[in-house]
Amino acid sequence: MQTDSSTAKPPVEHFEAIIVGGGMVGTAFCALLAQAGMKVALVEARPAPISLDKATGPLPAPRVSALTPVSQRLLAHVGAWPAMQATRVTPYRGMQVWDAEGSGEIAFSAYEAGVAVLGHIVENTVTLAALNRQVLDHPNVTTFFGASPQALQRANSHAVNGNRATSGDWLILDDGRQLHASLIVAADGAHSVLREMADIEVASDDMQQHAVVTTVQCAKPHGGTARQAFIDGRPLAFLPLTVEGNEHYCSIVWSTTPEHADELSALSRDALGEALGEAFGHRLGDVTACDKAHRFPLVQRHARHYVQPHFALVGDAAHSIHPLAGQGVNLGLMDAAVLAEEVVHAWQRGAPWGELSTLRRYERRRRFDNSAMLGLMKGFKVLFGSHDPALTMMRNLGMSGMNQLVPLKRVLMRQATGERGRLPLTCR
Ligand SMILES: Cc1cc2nc3c(=O)[nH]c(=O)nc-3n(C[C@H](O)[C@H](O)[C@H](O)COP(=O)(O)OP(=O)(O)OC[C@H]3O[C@@H](n4cnc5c(N)ncnc54)[C@H](O)[C@@H]3O)c2cc1C
């Protein structure tokens with residue numbers, strides 16, 4: 001009997017896990033599973049992966065992340081860190097935060113915290129390219145670039161040859177290919193299509209701010225210190241970037257009102273540099289903008305559930321957070337590490353790795369940390385946005401007072417550098 005090739009469906013491709021979203025979090029998760037021996041599919045909408053030789057230009061890319069030492073250990077575990085370090089990463093050993101409305105100021109140092117570095121500022125393209133290198137030629141990984149999910153079919157609604165299948169779900173791609181796995185993971189970012197297909201609700205909190213991002217050159221060297229000023233509740237960060245030994249570059253993130261973001265975006269580069277230098281009290285001298293202002297509306301989101309049978313959310317698909325403490329991708333990488341730990345553990349002992357009992361352990365281990373961080377960012381925004389004279393005085397006294405308390409600062413530093421709770425083995 002002949003089949004009509006124009007209507008024949010492609011054969012179902014079976015995997016042990018399917019990951020949708022090849023951003024930093026999805027790709028790290030893919031590397032963890034593949035390196036443990038699992039057969040994984042990675043589906044990414046962008047047409048092609050980014051390679052390390054194209055990850056950097058003479059000027060740093062506008063999107064950077066402050067990566068904690070805990071995230072660094074995870075990236076080292078999957079083998080990405082050496083290539084990142086050889087490409088371009090900037091360690092920071094100092095951190096200064098001050099209230100531009102008063103005299104409150106607090107400074108942290110790696111020396112006081114008893115650690116080698118407080119973190120690294122890394123262009124997202126560098127992290128992603130190094131992670132891509134770990135998965136692209138891996139024999140356990142099949143990549144589907146330029147592909148998006150068209151439908152998610154659950155075990156109880158999908159019939160194969162007339163029989164109901166019981167283990168796993170199907171992902172139908174926009175080109176008609178059908179993938180099947182016991183576990184499907186949404187790592188497709190804050191506007192996750194897969195989360196919507198799974199009908200998982202999200203609590204959204206519009207922070208009424210936009211992040212304005214650009215790269216600048218400053219008259220004074222950054223000296224390996226990350227700096228942030230709270231200006232009328234609008235945090236302005238100068239994150240250090242070292243380009244071929246030149247310590248005069250910084251990545252700017254100014255979380256400000258949408259109206260002010262409009263104004264900043266309309267400025268010429270000269271005027272933008274001047275506005276940034278002035279707002280920053282010229283701590284690093286005169287500022288020259290090397291790029292235009294890019295902007296991102298800031299909405300905190302938290303999915304009501306992270307898991308369903310055979311399904312999990314990680315990274316920004318599960319939660320998105322205000323960037324003022326530089327925690328977003330660090331939280332996402334911890335999701336990836338914890339989910340991988342639970343799933344690989346179940347898979348290695350022959351237990352059903354996509355079942356709710358396994359996935360719930362991941363949700364229990366991650367939800368509290370993510371919720372606490374989201375709540376803290378909201379609290380900071382309220383505290384630093386207040387014009388109440390009593391609150392302003394308290395916050396300034398609080399910051400300066402805390403600055404004298406080295407043991408308390410050490411505790412804060414451990415939190416900020418990601419040393420919280422029971423860390424997965426891959427991050428210890
Ligand atoms: C201004 C700013 C500054 C920040 N600074 C920091 C910082 O200093 N430190 C920090 O930790 N975090 C920071 N963050 C947060 C950080 O950028 C995010 O948390 C992180 O990028 C989330 O990674 P992800 O892989 O979960 O999602 P994304 O980076 O959003 O990746 C999602 C991936 O899924 C793909 N995708 C989307 N839809 C589909 C689809 N339908 N089908 C297939 N693929 C799809 C996308 O192409 C993308 O590759 C910052 C955020 C902003 C806005």
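The structure this text deals with has already been given above.
Report follows, based on the coordinates. (Residues numbered from 1 in each chain as written. Predicted model: local features only at pLDDT ≥ 70, side-chain atom pairs only at ≥ 80, totals over all residues. Heavy atoms only, no water.)

What about the overall build of the protein?
Then, in step 1: Helices and strands together make up the secondary structure of the protein, namely 12 helices and 24 strands.
Then, in step 2: In summary, the protein has a C-alpha radius of gyration of 23 Å against a globular reference of 22 Å for 428 residues, a match within 12%.
Then, in step 3: C-alpha atoms of the protein, sized along the principal axes, occupy 80 × 40 × 40 Å.
Then, in step 4: Counting every position in the protein, which comprises 428 residues, the buried fraction comes to 53%.
Then, in step 5: Total accessible area computed for the protein in this model is approximately 18600 Å², and 54% of it derives from carbon and sulfur atoms.
Then, in step 6: Separation of charge centres in the protein, based on 38 positive and 40 negative side chains, amounts to 7 Å. (Helix = DSSP H or I, 4+ residues; strand = E, 2+ residues; numbered from the N terminus. Rg over C-alpha atoms; globule rule 2.2 N^0.38 Å. Buried < 20%, exposed > 50% of the residue type's maximum accessible area, 1.4 Å probe, protein only. Areas by Shrake-Rupley, 256 points an atom, 1.4 Å probe, with all protein chains shown as cover. Lys, Arg positive; Asp, Glu negative; His and termini not counted. Charge placed at Lys NZ, Arg CZ, Asp CG, Glu CD.)

Considering the sheet that holds strand β13 (residues 169–173)
Then, in step 1: Strands sit in the order β1-β14-β13-β10 across an open sheet of 4 strands; the sheet is mixed. Among the strands making up the open sheet, the edge pair consists of β1 (13–15) and β10 (149–153). Across this sheet, the average inter-strand angle for adjacent strands is 25°, counted without regard to direction. (Pairing = 2+ DSSP bridges. Axes fitted to C-alpha atoms, helices over the stretch in contact; angles between N-to-C directions.)

Topic: the site of the ligand
Then, in step 1: Contacts to the ligand come from 32 residues, most closely from E44, A66, D316, V329 and N330.
Then, in step 2: With respect to the ligand, the backbone of V25 contributes an N or O atom lying 3.1 Å from an oxygen atom.
Then, in step 3: For the ligand, a nitrogen atom lies 3.3 Å from a polar atom in the side chain of S148.
Then, in step 4: Considered on its own, the ligand offers 1000 Å² of accessible surface; in the complex 83% of this is hidden by protein.
Then, in step 5: Looking at the shell around the ligand, the elements with two or more residues in it are α1 (24–36), β3 (40–44), β4 (64–67), β16 (202–218) and α9 (328–348).
Then, in step 6: Among the residues making up the shell around the ligand, the classes are represented as 16 nonpolar, 11 polar and 5 charged. (Near = heavy atom within 4 Å. Polar contact = N/O pair within 3.5 Å; in protein donor to acceptor, adjacent residues only side chain to side chain. Nonpolar A, V, L, I, M, F, W, Y, C, P; charged D, E, K, R; others polar.)

Here we look at the packing of aromatic side chains
Then, in step 1: This structure, assessed with the given rule, holds 6 aromatic pairs.
Then, in step 2: Here F15 and F144 contribute two aromatic rings whose centre-to-centre distance is 6.2 Å and whose plane-to-plane angle is 90°, an arrangement assigned as edge-to-face. One end of the pair, F15, is in strand β1; the other, F144, is in strand β9 (residues 141–145), and 129 residues separate them in sequence. Note on accessibility: F15 and F144 belong to one class, buried.
Then, in step 3: Look at F230 and F384: their rings are 3.8 Å apart centre to centre, the planes differ by 20°, and that puts the pair in the stacked class. You can see F230 sitting in strand β17 (residues 225–231) and its partner F384 sitting in helix α10 (residues 356–385), a full 154 residues away along the chain.
Then, in step 4: Three or more aromatic residues link up through ring pairs in this structure, and these residues are W98, F238 and F280.
Then, in step 5: Directly above the ring of W98 sits R283, whose terminal nitrogen or CZ lies 3.5 Å from the centroid. (Phe/Tyr/Trp six-rings, centres within 6.5 Å; stacked < 30°, edge-to-face > 60°. Lys NZ or Arg CZ within 6 Å of the ring centre and 35° of its normal.)

Some words on the pattern of salt bridges
Then, in step 1: Using the criterion set out here, one finds 18 salt bridges in the structure.
Then, in step 2: Residue R366 is joined to D335 by a salt bridge in which the shortest nitrogen-to-oxygen separation is 2.8 Å. Highlighted residues: R366 in helix α10 and D335 in helix α9, separated in sequence by 31 residues.
Then, in step 3: In this structure R366 comes out as buried when scored by relative accessible area, which is 5%.
Then, in step 4: Judged by its relative accessible area of 0%, D335 falls in the buried class.
Then, in step 5: One salt-bridge network, in which partners are shared between bridges, spans D335, R366, D369 and R420. (Salt bridge = Lys/Arg side-chain N within 4 Å of Asp/Glu carboxyl O.)

Considerations on the pairing of β13
Then, in step 1: Burial analysis of β13 places 5 of its 5 residues in the buried class, the great majority of the element.
Then, in step 2: Sheet topology places β10 next to β13; 4 bridges connect them, and they run antiparallel. Directly across from L152, in β13, lies its bridge partner L171.
Then, in step 3: Sheet topology note: the β13/strand β14 (residues 178–181) ladder contains 4 bridges and is antiparallel. In the strand pairing of β14, W170 is matched with H180.
Then, in step 4: Connecting β13 to the next strand, β14, in antiparallel fashion are 4 residues, including G176 with a positive phi near 95°.

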